[in-house]
Structure formats: C-alpha cells, structure tokens
Amino acid sequence: MVPKIEKNGRHPTDNELADFLAKSLSGPEMARVRAHISGCDHCLAAVAAAYESAGPAERKGSFKKWIGNIMKKMNLYLIMAAISFILSFLVGRYFIQLLVATLLLGIKWVVDSKTTKMLVMIYEAWKSGGEREASMVLRRMERRDRITL
Amino acid sequence: MEKCRFEDDSFLIRSCVERDESAWDFFIKKYSGLMLSSIACRMRKYGFYPQADDLQEIRQQILSVLWEGGKLSEVKNPSSLKYWLSVVSGNIAVEFLRKRRRAHEIAPVSLSDIVEGIDMSDLLPSTAADPAREADRTALSEKLEDAIESLPPNEKLAIKLNLLHGKKHEEIACIMAIPRATATSHVRRARLKLKKLLRDYR
C-alpha cells in the first residue's frame, strides 16, 4: 500500500501484520514487526486499528465503561438540574431554594458545554493575540473535531 | 444446519476461493460488521470520521476486491483471518481517502495533533511556560516527537501505543506479545526518559 521502503526495513505484508496480532509469527519475525511498527506510523495505525476492531473483547471493567459512557452522553449538571426542578414541586417547603439550585445548575450546564468552551477559547485567543491567534485556535479545533469528508 | 459447515474459517475461505456463492453470502453476513468497524477505526487513526454512505461505499469496494479481485486467496493463515480482514479493510479505506483528498494530506494522526488531549503533566518540566501559548505548545510537541524517536524500539512502540493510541498497559502487552509487567516497565522507562529529555531541551 505504501510502496516506499523506510529506514526500518520493508513494510510487513497484510498476512504478517495479521499473524503478528494473532501472535503466530516466529520469535525473530515478531521482533522484526515490532521494530518496524515502532518507527512506521502507517503500519502502527494499521495494527492499532485492527486490534481495536478485531482484538480480544474487553473482559474486565466493562460495567465501569458502561457507566462512563452513559455519563459522557448525558451531562451530569443537566440531570441534576432536572432532578432539582422536579423536587421543587414535590417538596413545597423548599420551592424557591430548589428553583434557584435548578437555575445555578442550568447555568453550569450551559457554561460547561463544549460549544461555550470553544467560544470562550476563541474569544480569549482573539483578545490576547488578535485575529491570527484566533484563527489558529479555530484551525486547531477543526483538525481535532470531526473532519468529515 | 446447512450454513454451519462454513463456521470453520479455513473451510469458508477455501469455499469462497472456489467461487461457492453460498459460502460468499455467509462470509458477507459474518464479516460485514468487522469490515465496517475496521474502516471506521482506521480512518479515525487518520483523523477522519466517515459518514454512513462512505462506510458502505468502502465496504462495497472491499467486497469486490475480495471476491472479484480474488484477494481472499492471499490469506495464509485462516486462524488470523479477522486481523487480516481488518488490516486489508483499513488499507482500502486509506486508499479511498487518498483518492478523495490530495495524497499528502493523508497521514496518521501524530502527537502534535493530539498533544493537548494527552495527559502529559508528569512529562512536563515544572518550569514549563504558560501552556496556553500556541507557539510553546507547537514547539513542545515537536520536541516530544523528537524525544520519542530517540527511544529504543520497544520503549518507543510502548509509549506510542500509550500516548498516541490511548492503550492501557494490559493492551500494550497484548499487542506487543510481551508480559504485562514488561509493558509497564517499557512505558515507565520511556516516560522517565522523555521527562529527562524534555527538561534538557529547555
């Protein structure tokens, strides 16, 4: 795929990379592939991607991961704001207090969201370094964020 | 019941190579998911997040390379078929990217691209300048890459898997086919060396 020969020897074939991941190469061959992918980011990307998509399924910590995924998707502050909003009606005595808490948590949620953070970052950059700095931040975000085709 | 005879990968491949259509149907059913996740995974390594229609298009290309192009006959070791298929799918995905974009834009994500996302608090010298400065960060990521290149191969591989691909020590051990303790010591030694190198640079 990448034809040129690099300083760490020829690229391993697809079969060699597959056998490397399946640990079915001979000792010296394993060492050769290991040495190659340590210096060749293309082959390393191939190995890492194949490991991630076809590798052994994760055994331990799957519950922790599951919880983590849920928390990542649903914002903690949003949930807390919703809970205190509902509570404010259920617990009549603390109606105002809970409404204030809802408001504060809601503000925290908005400020914490990614878009707001991005805007703040761009504004800060613009304030300190003018347009050049701001466009640099923007470009960096573009690169890091999803670059779709 | 009839399908079960294809459960064995070596038989499945042999049947496909001999142009058995029902074997091919079974192959597509069994491995389409793997192909799609391999494409997405590999493209992510190049900083691209493919849309569903691109994924399907690439999957079609893979299928035609495997069947019409006879690529399946190249499989040497049926026991590592899933890895082979994943590597080949990824390669076709990268080819696809190269055709869409100018070839020089297609490179694996490097450390400088993700330097902010990495926890390097233990690598940076305590006298580090304001990390918010773009120039400092670019210089730092260049230094970091130079420093990583100067490490011995095993440590380099371990730290790249750790920082660049976000792999835990256990996964590094699994990929490199070394004991877990060895992987841990590779990563730890690499981190210590990087810390020292980055301090010397300043």
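Residues numbered from 1 in each chain as written. Chains lettered and ligands numbered in written order. Predicted model: local features only at pLDDT ≥ 70, side-chain atom pairs only at ≥ 80, totals over all residues.

**Student:** Which residues make up the overall build of chain B, and what values do they have?
**Tutor:** If you tally the helices and strands in chain B, you get nine helices and zero strands. Reading chain B from its N terminus to its C terminus gives the helix and strand order α-α-α-α-α-α-α-α-α. Counting over 202 residues, chain B shows a buried share of 36%. Within chain B, contacts between residues at least 6 apart in sequence are counted, and of these 63% link residues at least 24 apart. (Helix = DSSP H or I, 4+ residues; strand = E, 2+ residues; numbered from the N terminus. Buried ≥ 20, exposed ≤ 12 C-beta atoms within 10 Å, placed from the backbone. Contact = placed C-beta atoms within 7 Å.)

**Student:** For the overall build of chain A, give the residues involved together with the corresponding values.
**Tutor:** Looking only at helices and strands, one finds seven helices and zero strands in chain A. Reading the helices (α) and strands (β) of chain A from amino to carboxyl end gives α-α-α-α-α-α-α. Within the span of chain A, comprising 149 residues, buried residues form 22% of the whole. Pairs at least 24 apart in sequence give 45% of the contacts found in chain A among residues at least 6 apart.

**Student:** I'd like to hear about the nonpolar core, residue by residue, with values.
**Tutor:** One recurring pattern in soluble globular proteins: nonpolar side chains tend to sit buried together. Core analysis: the largest hydrophobic core is formed by 67 residues, its most contacted members being Val47(A), Ala50(A) and Ala158(B). Broken down by element, the residue count for this core peaks at eleven residues, all from helix α4 (residues 81-100) of chain B. The residues touching Ala158(B), leaving out its near neighbours within four places in the chain, are Ile172(B), Met176(B), Ala183(B), His186(B), Val187(B) and Ala190(B). (Core = buried A, V, L, I, M, F, W, Y, C linked by C-beta atoms within 7 Å.)

**Student:** Could you give an account of the interface of chain A and chain B, naming the residues involved and the relevant values?
**Tutor:** Each side of the interface is counted separately: chain A has 36 residues, and chain B has 42 residues. Every element with two or more residues in the side of chain A that touches chain B is listed here: α1 (14-21), α2 (27-39), α3 (41-54) and α7 (114-144) of chain A. The leading source of residues in the side of chain A that touches chain B is α3(A), at 13 residues. Among the residues forming the side of chain A that touches chain B, the class breakdown is 21 nonpolar, six polar and nine charged. (Nonpolar A, V, L, I, M, F, W, Y, C, P; charged D, E, K, R; others polar.)

**Student:** Let's hear about the packing of helix α3 (residues 52-67) of chain B against α4(B): which residues, and what values?
**Tutor:** Residues and elements named next belong to chain B. At a minimum axis distance of 10 Å, the contact between α3 and α4 shows a crossing angle of 120°. For the element pair α3 / α4, the angle class is oblique. Once α3 is placed against α4, the crossing between them reads as right-handed. Every residue of α4 that contacts α3 at Ile58, Gln61, Ile62 and Val65 is listed here: Ser89, Ile92, Ala93 and Phe96. Residue classes in the contact of α3 with α4 are distributed as six nonpolar, two polar and no charged. (Axes fitted to C-alpha atoms, helices over the stretch in contact; angles between N-to-C directions. Parallel < 35°, antiparallel > 145°, perpendicular 65-115°, else oblique. Left-handed = near helix turned anticlockwise from the far one by under 90°.)

**Student:** Kindly report on α4(B), identifying the contributing residues and their values.
**Tutor:** The periodicity of an α-helix, 3.6 residues per turn, causes residues three or four places apart in sequence to face the same way. With 20 residues, α4(B) extends 28 Å from end C-alpha to end C-alpha; this agrees with the ideal 28 Å at 1.5 Å per step. Most of α4(B) is tucked away, with 16 of its 20 residues classed as buried. (Expected span 1.5 Å × (residues − 1).)

**Student:** For α1(A), give the residues involved together with the corresponding values.
**Tutor:** Counting buried positions along α1(A) yields seven of eight residues, so the element is predominantly enclosed. As for α1(A), its buried residues are in contact with α2 and α3 of chain A together with α4 of chain B. After α1(A) finishes, the residue Lys23(A) shows a positive phi value of roughly 60°.

**Student:** Tell me about the confidence of the model for chain B, and please be specific about residues and values.
**Tutor:** On average, residues of chain B score 82 in pLDDT, and 82% of them are at 70 or above. Complex prediction metrics read pTM 0.66 and ipTM 0.84. (pLDDT = per-residue confidence, 0-100.)

**Student:** I'd love a proper account of the environment of Trp24(B), names of residues and values included.
**Tutor:** All names here are of chain B. Mapping Trp24 onto the fold places it in helix α2 (residues 21-45). Assessed through the 18 C-beta atoms surrounding it within 10 Å, Trp24 is described here as partly exposed. Taking the C-alpha atoms as reference points, Trp24 and Phe6, 18 residues apart in sequence, are found 9.6 Å from one another. Setting aside residues up to four positions removed in sequence, Trp24 forms contacts with Cys16 and Trp67.

**Student:** Outline the packing of helix α5 (residues 76-90) of chain A against helix α6 (residues 95-112) of chain A, supporting the account with residue identities and numerical values.
**Tutor:** Residues and elements named next belong to chain A. At their nearest, the axes of α5 and α6 sit 8 Å apart, and the two run at 165° to each other. Between α5 and α6, the angle is such that the two are roughly antiparallel. Here the hand of the crossing between α5 and α6 comes out left-handed. Here Tyr77, Leu78, Met80, Ala81, Ser84, Phe85, Leu87 and Ser88 of α5 lie close against α6, whose contacting residues are Phe95, Leu98, Leu99, Ala101, Thr102, Leu105, Gly106, Lys108, Trp109 and Asp112. Grouping the amino acids of the contact of α5 with α6 by side-chain chemistry returns twelve nonpolar, four polar and two charged.

**Student:** Go over unusual backbone geometry with me, naming the residues and quoting the values.
**Tutor:** A positive phi angle, near 60°, is found at Lys23(A), a position not held by glycine. Tracing the sequence through the fold places Lys23(A) in the loop between α1 and α2. A positive phi is found at Arg19(B), a non-glycine position, where the angle reads about 60°. You can see Arg19(B) is positioned in the loop between α1 (9-17) and α2.

**Student:** Which residues make up the confidence of the model for chain A, and what values go with them?
**Tutor:** Residues and elements named next belong to chain A. Across chain A, the average pLDDT comes to 79, with 81% of residues at 70 or higher. Helix α4 (residues 62-73) is the least confidently modelled element of chain A, averaging 69 in pLDDT, while α1 averages 91, the highest of any element. Of the regions scoring below 50 in pLDDT, residues 1-5 engages in six contacts with residues more than four places distant in sequence or in other chains.

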